[in-house]
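Observations on the three-dimensional arrangement
What follows is each chain in one-letter form.
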Amino acid sequence: MESEFAQILSYLARGNTVKQLIFINEDRSYRLPVSFFSFQGLECIHLQNSTFEPPLTLNRFSSLTGIVLWNVDVSAQMLQRFLSNCPLLEMNIKRPLTLAGGNKLTFVNLLPCVPLIQVLNITEYYMKYLCTGGMPHKLPTSLAHLKDLFLDVCLVEQNEISSALCIIRSSPVLERIVFQMFDNDKLPVQETPANFLDPEGYSDLKLDHLETLWIENFSNLPLEMEFVKLIMAKSPVLKKVRIELNDNVSVDEEVKMLRDLVRLPFPRASHSANLIFVRP
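An account of the accompanying structure is given in this report.

Procedures and definitions
Residues numbered from 1 in each chain as written. Predicted model: local features only at pLDDT ≥ 70, side-chain atom pairs only at ≥ 80, totals over all residues. Heavy atoms only, no water. Core = buried A, V, L, I, M, F, W, Y, C linked by side-chain atoms within 4.5 Å. Buried < 20%, exposed > 50% of the residue type's maximum accessible area, 1.4 Å probe, protein only. Helix = DSSP H or I, 4+ residues; strand = E, 2+ residues; numbered from the N terminus. Pairing = 2+ DSSP bridges. Right-handed = clockwise from strand over helix to strand, strands pointing away.

Membership of the largest hydrophobic core comes to 77 residues, with the highest contact counts inside it found for F82, I168 and F179. Ranked by residue count, the leading element in this core is helix α6 (residues 222–233), at seven residues.

Structure below.
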């Protein structure tokens, strides 16, 4: 016997006129009814607190451009299968997205499912999960349409730096990068090679379309600053670099940071880029 909610969904799906569907539940164990996957005209989905299990015969969501998953249980295989049927998708994966049954999902097998993606937003600790086991130098499938990249990233962990650079290197038309730093001021700084982010070691990193670099919660750690310098050295049309400082960065540290940038010039591909530091 179908639940009342499932019957309502079945009725709404017949007209194929629903463009946006928001489902917020109190119990994450609630399994979405099969009728949920019948909305072929959907453009945006927001799921919170539910179990996501697409049917084996899944129709193509050719109009879906946005999906937000919050506190959703789903297997890696099912998520990949669903994403592969959404050619126009913009992804927004928020913590915690639970992959049932101990399934492993990484950037390497997730991102090729959405080759036409234009906006990618991976927040909080899901970044850690996706880059587990390391990343290749470059993704097997280019993200040829990705223009906006939003990542929560910890730049004291080499794994996450490499993952972020892999995505950037695989996205030839990136126009905007926004990084929210987290845990940078809480975790011990790992040892990395002295020239790990030296621009001369990244001859294949070309950011010919990047106009904006925005970093939030900047703690003024050496790798954070080296990352900024690397991006600025590879972005010939860069217009704006905005760095929002962490509360723990003192005024004296900020002054020293600015003084070092003036006294120790570094390569910049765009001489017209404005570098702005902002206090919270």
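Moving on, there is more to tell.
Relative to strand β8 (residues 176–181), strand β7 (residues 148–153) runs parallel, the two being bridged by six bridges. Pairing of D152 across the sheet is with Q180, part of β8. The β-α-β motif built from β7, the intervening helix α5 (residues 158–169) and the parallel element β8 has right-handed crossover chirality. Inspection of the sheet shows β8 paired to strand β9 (residues 212–218) by five bridges, in the parallel sense. Considered in β9, the bridge of V178 is made with W214.

In this model, N49 sits at a positive phi of 65°, which is unusual for a non-glycine residue. With respect to the secondary-structure elements, N49 resides in strand β2 (residues 44–51). Positive phi, normally seen in glycine, also occurs at N220, with a value near 65°. With respect to the helices, strands and loops of the structure, N220 is situated in the loop between β9 and α6. In this structure N220 comes out as partly exposed when scored by relative accessible area, which is 23%.

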